[in-house]
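Examination of the molecular architecture
Spelled out, the chains give:
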Amino acid sequence: MNYVVPFPAGGTTDILGRLIGQKLGPALDTTIVIDNRGGAGGSVGSEIAARAPADGYTMLGGTISSHAINVSLYPKLGYDPIKSFSPVALIGSNPVVLIVKADSPYKTLQDILQAAKAKPRTLSSASAGNGTSQHMTLELLAFKPGTQFIHVPYKGSGPAIQDVIGGQVDMMFDTTVVAGPHIQSGKLRAIAVSSAKRMESLPNVPTIAESDLPGFEVVSWQGIFVPAGVPRPIINRLHAEIMKILQTSEMQDRLKTLGMQSSSMTPEQVATFQKAEVEKWAKVIKAAGIKLE
């Protein structure tokens, strides 16, 4: 069975896909093969999955970028995030954290914003690609106070965060799934989180909202989709098995460690949630005048 991850190895979608795949394979009496197809904020892999046979043997790790944001950013997307897929499950959601190299001169969000206002388009920020939650959070951060950053898109979080650690890029927004271990090891410094409330895993890190940008909130999410046309009984079976995995104490503890809030949405509820997300981000992108270069 093929599990397409539309990002390179090492990112949130890849880590979750491997965690679930290890348990899902035995439950279905098959082998789950993780197929990393990074590029264009998750669009390349998503298009590949959309064109796969609707026989239930291909799943896709869909995200806020591939299945809610990209449709408003890319003029010629090779798939429709709603019509080309059927949702199976929402794994969970989590905020992103603004990170810098441990010895960076920037210690607070105000340090970063003041530097950006003094010299617009000098501070660089990495992302897992155009249209990802990392990119959108950066654009909102620039839009709110009216400043500019240099956006440096990569093919995934793995290579992007390594360049932040190495000092080639000034900063980055990413989930604690990827950034957490590097923060704990002391390689990265956490500046602020994008959630409305502080995270349990980072209690001493302020929210962007409490750092003089009230109302600021971005929450990333991860889901599992199959190509449109997959028979309903197959979707129901996949959903049931994935829910069993997500509800185990082992997985709950792992998700909590990763800073994720798990979900128990039905496929129908995921579909409703996704449509609302597509509409929400279309309005945000239009209002902020965000365009791909």
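Look up: the structure comes first, before these words.
The structure displayed is predicted, hence computed values, not measured ones. (Residues numbered from 1 in each chain as written. Predicted model: local features only at pLDDT ≥ 70, side-chain atom pairs only at ≥ 80, totals over all residues. Heavy atoms only, no water.)

**Things to note about the environment of Phe149**
Short version of the rule: Numbering of helices and strands runs from the N terminus, with a helix taken as a DSSP run of H or I at least four residues long and a strand as a DSSP run of E at least two residues long. Contacts: residue pairs with any heavy atoms within 4.5 Å of one another.
Here Phe149 shows up in the loop between helix H5 (133-143) and strand E6 (150-153). When the C-alpha atoms of Phe149 and Val96 are compared, they prove to be 17 Å apart, with 53 residues separating the residues in sequence. Setting aside residues no more than four positions away along its own chain, Phe149 makes contact with Ile112, Leu113, Ala116, Arg121, Leu123, Leu138, Leu141, Ala142 and Met171.

**Some details on the pattern of salt bridges**
Note the following rule: Any Lys or Arg side-chain nitrogen found within 4 Å of a carboxyl oxygen on Asp or Glu counts as a salt bridge. Partly exposed describes any residue whose relative accessible area lies between the buried limit of under 20% and the exposed limit of over 50%, with all areas from a 1.4 Å probe on protein chains only and scaled to the type maximum.
Using the criterion set out here, one finds 10 salt bridges in the structure. Among the salt bridges present, the one from Arg232 reaches Glu268, with a minimum N-O distance of 2.7 Å. In this pair, Arg232 is assigned in helix H8 (residues 232-246) and Glu268 in helix H10 (residues 267-288), connecting sequence segments 36 residues apart. For Arg232, a relative accessible area of 36% translates into the label partly exposed.

**Some points on the packing of aromatic side chains**
Applicable threshold: Any two rings among Phe, Tyr and Trp, with Trp reduced to its six-membered ring, count as a pair given centres within 6.5 Å; such a pair is stacked if its planes are under 30 degrees apart, edge-to-face if over 60, and tilted if neither.
Tallying each qualifying case throughout the model produces three aromatic pairs. With a centroid separation of 5.9 Å and an interplanar angle of 80°, the aromatic rings of Tyr79 and Phe85 are classed as edge-to-face. The exposure classification of Tyr79 matches that of Phe85, with both residues buried. One aromatic cluster in this structure is built from Tyr79, Phe85 and Phe225.

**Describing unusual backbone geometry**
Even without glycine at this site, Ala40 takes up a positive phi of about 55°. Structurally, the position occupied by Ala40 is in the loop between strand E2 (33-36) and helix H2 (43-50). Residue classification places Ala40 among the partly exposed positions, given a relative accessible area of 33%. Unlike most non-glycine residues, Arg121 shows phi in positive territory, near 60°. Relative to the helices and strands, Arg121 resides in the loop between helix H4 (109-118) and strand E5 (124-127). For Arg121, a relative accessible area of 41% corresponds to the partly exposed category.

**Here we look at the packing of helix H1 (residues 12-28) against helix H9 (residues 249-257)**
Rules: Angles here are taken between N-to-C directions and fall from 0 to 180 degrees, while the axes themselves are lines fitted to C-alpha atoms, restricted in helices to the stretch in contact. Angle categories: roughly parallel below 35 degrees, roughly antiparallel above 145, roughly perpendicular from 65 to 115, and oblique for all the rest. Only Asp, Glu, Lys and Arg are considered charged in this grouping, and only Ala, Val, Leu, Ile, Met, Phe, Trp, Tyr, Cys and Pro are considered nonpolar; every other residue, Gly among them, is considered polar.
Taken N-terminus to C-terminus, the directions of H1 and H9 make an angle of 175°; their axes are 12 Å apart at the nearest point. Comparing the axis directions of H1 and H9 gives the class roughly antiparallel. Listed contacts from H9 to Leu16, Leu19, Ile20 and Lys23 of H1 are Glu250, Met251, Arg254 and Leu255. Per-class residue counts for the contact of H1 with H9 are five nonpolar, no polar and three charged.

**Concerning the nonpolar core**
We count it as follows: By nonpolar core we mean a set of buried residues, namely Ala, Val, Leu, Ile, Met, Phe, Trp, Tyr and Cys, connected to one another through side-chain atoms within 4.5 Å.
In this structure, Leu109, Ile112, Leu141, Phe149, Ile208 and Trp281 are the most contacted members of the largest nonpolar core, which totals 42 residues. Mapped by element, the contributors of at least two residues to this core are helix H3 (64-73), strand E4 (85-101), H4, H5, strand E7 (171-175), strand E8 (188-193), strand E9 (219-227) and H10. Discounting residues that sit within four places of it in the chain, Leu109 has contacts with Leu98, Leu141, Ile191, Ile208, Ser211 and Leu213. Core analysis: the next-biggest nonpolar cluster, separate from the first, contains 30 residues, Met1, Ile32, Ile91 and Ile245 among them.

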